[in-house]
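A look at the structure
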Amino acid sequence: MKRLGILISGRGSNFEAIAGNVASGALPAEIAVVISNRTDARGLETALSRGLNAVCLPSKGLDREVYDRRLAAELHKHDVDLVCLAGFMRLLSAGFIREFPERILNIHPSLLPAFPGLDAQHQALAHGVKITGCTVHFVDEDLDAGPIVIQAAVPVRDDDTEETLSERILKQEHRIYSEAIGIVIAGKYRIDGRRVIFT
Ligand code: GRF
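Residues numbered from 1 in each chain as written. Predicted model: local features only at pLDDT ≥ 70, side-chain atom pairs only at ≥ 80, totals over all residues. Heavy atoms only, no water.

**Examining the site of the ligand**
- Around the ligand, the neighbouring residues are Arg-11, Gly-12, Ser-13, Asn-14, Gly-87, Ile-107, His-108, Pro-109 and Glu-173.
- Measuring from an oxygen atom of the ligand, one finds a side-chain N or O atom of Glu-173 at 2.7 Å.
- Listed by contribution, the elements that provide at least two residues to the shell around the ligand are helix H1 (13–24) and strand S5 (104–108).
- Summarising the domain contributions, the shell around the ligand has at least three residues from each of domain 1 (1–101) and domain 2 (107–199). (Near = heavy atom within 4 Å. Polar contact = N/O pair within 3.5 Å; in protein donor to acceptor, adjacent residues only side chain to side chain. Helix = DSSP H or I, 4+ residues; strand = E, 2+ residues; numbered from the N terminus. Domains from an automatic or database assignment.)

**Concerning helix H3 (residues 64–77)**
- For H3, spanning 14 residues, the distance from its first C-alpha to its last is 20 Å, which sits close to the expected 20 Å at 1.5 Å a residue.
- All of the buried residues in H3 are Tyr-67, Asp-68, Leu-71, Ala-72, Glu-74 and Leu-75. Mapping the buried residues of H3 onto a view down its axis gives an arc of 160°, with all of them on the same face. In H3, the exposed residues that point more than 90 degrees away from the buried face are Arg-69 and Lys-77.
- Where H3 is buried, its residues meet strand S1 (2–8), strand S2 (29–36), strand S3 (54–56), strand S4 (82–85) and helix H4 (94–99). (Expected span 1.5 Å × (residues − 1). Buried < 20%, exposed > 50% of the residue type's maximum accessible area, 1.4 Å probe, protein only. Arc of directions from axis to C-beta. Contact = heavy atoms within 4.5 Å.)

**Considerations on the nonpolar core**
- Leu-4, Ile-6, Ile-18, Ile-31, Leu-105, Tyr-177 and Ile-181 are the most contacted members of the largest nonpolar core, which has 38 residues in total.
- In terms of residue count, helix H6 (residues 162–186) provides more of this core than any other element does, nine residues in total.
- Taken domain by domain, this core gets at least three of its residues from each of domain 1 (1–101) and domain 2 (107–199).
- With residues up to four places along the chain from it excluded, the contact list for Tyr-177 reads Asn-14, Ile-18, Cys-84, Leu-85, Ala-86, Leu-105, Asn-106, Ile-107 and Val-136.
- Counting residues in each nonpolar core, the second largest holds 20 residues, with Leu-7, Val-33, Ala-72 and Val-139 among its members. (Core = buried A, V, L, I, M, F, W, Y, C linked by side-chain atoms within 4.5 Å.)

**Brief notes about the packing of aromatic side chains**
- A full pass over the atoms with the stated rule returns two aromatic pairs.
- A ring pair is formed by Phe-96 and Phe-100, whose centres lie 5.2 Å apart and whose planes are at 40°; its orientation type is tilted.
- The class of Phe-96 is buried, set by a relative accessible area of 1%.
- Ring geometry for Phe-138 against Tyr-189: centres 5.6 Å apart, planes inclined by 35°, an arrangement best described as tilted. One end of the pair, Phe-138, is in strand S6 (residues 131–138); the other, Tyr-189, is in strand S8 (residues 189–192), with 51 residues separating them in the sequence.
- Residue classification places Phe-138 among the buried positions, given a relative accessible area of 2%. (Phe/Tyr/Trp six-rings, centres within 6.5 Å; stacked < 30°, edge-to-face > 60°.)

**Description of the environment of Pro-101**
- Within the secondary structure layout, Pro-101 lies in the loop between H4 and S5.
- Along the sequence, Pro-101 and Met-1 sit 100 residues apart, while their C-alpha atoms lie 19 Å from each other.

**So, the packing of helix H5 (residues 120–127) against H6**
- Running from amino to carboxyl end, H5 crosses H6 at an angle of 120°, the nearest separation of the two axes being 9 Å. When the interaxial angle is binned, H5 and H6 end up oblique. Relative to H6, H5 is oriented so that their crossing is right-handed. Along its contact with H5, which presents Gln-121, His-122 and Leu-125, the element H6 presents Glu-162, Leu-165, Ser-166 and Ile-169.
- Here the contact of H5 with H6 is composed, by residue class, of three nonpolar, three polar and one charged. (Axes fitted to C-alpha atoms, helices over the stretch in contact; angles between N-to-C directions. Parallel < 35°, antiparallel > 145°, perpendicular 65-115°, else oblique. Left-handed = near helix turned anticlockwise from the far one by under 90°. Nonpolar A, V, L, I, M, F, W, Y, C, P; charged D, E, K, R; others polar.)

Encoded structure:
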């Protein structure tokens, strides 16, 4: 069984969705550890209440390389096969990414390459797009830029606020993240340039 390391910074609803699918057997994987870089992350409590290994590794004030070495050490300690960023609000260094080549996934609340970075839902509304969505992608050294595994489209309604739009996108995030993890841990894909081809 492949071992997941889930990195969070806050609410942790994507982590919960993954944990639900692992618990039900829909996602044949094990959650080896949940790590938060923030002490107040609600997802840490959820992890503990589910009886999972929950580790708080505060990043505040730490140099990126120093922090990332500690993070990598913690993940290796738990023998993690795949690192899943789930609302982890911190850039990772090139050194960290090299430690887990093509073994880090991220979820982003837009149809990348549109609206990378912070406040993607706000960016989508401000731009006036009619369709946005979410993306699960491999993490490389550029922000929100690695090869795309799965995307889901979400129509923007005229009366949408950031909250209503975020909520509808989140439903799709919860669906596609586990689906993407399933494909990656089963090795049912190959990466051809920027394209992830399902095999
Ligand atoms: C999600 O919208 C995710 O796409 C983004 O941060 C948010 C995290 O939400 N990267 P949660 O902590 O999983 O509830």
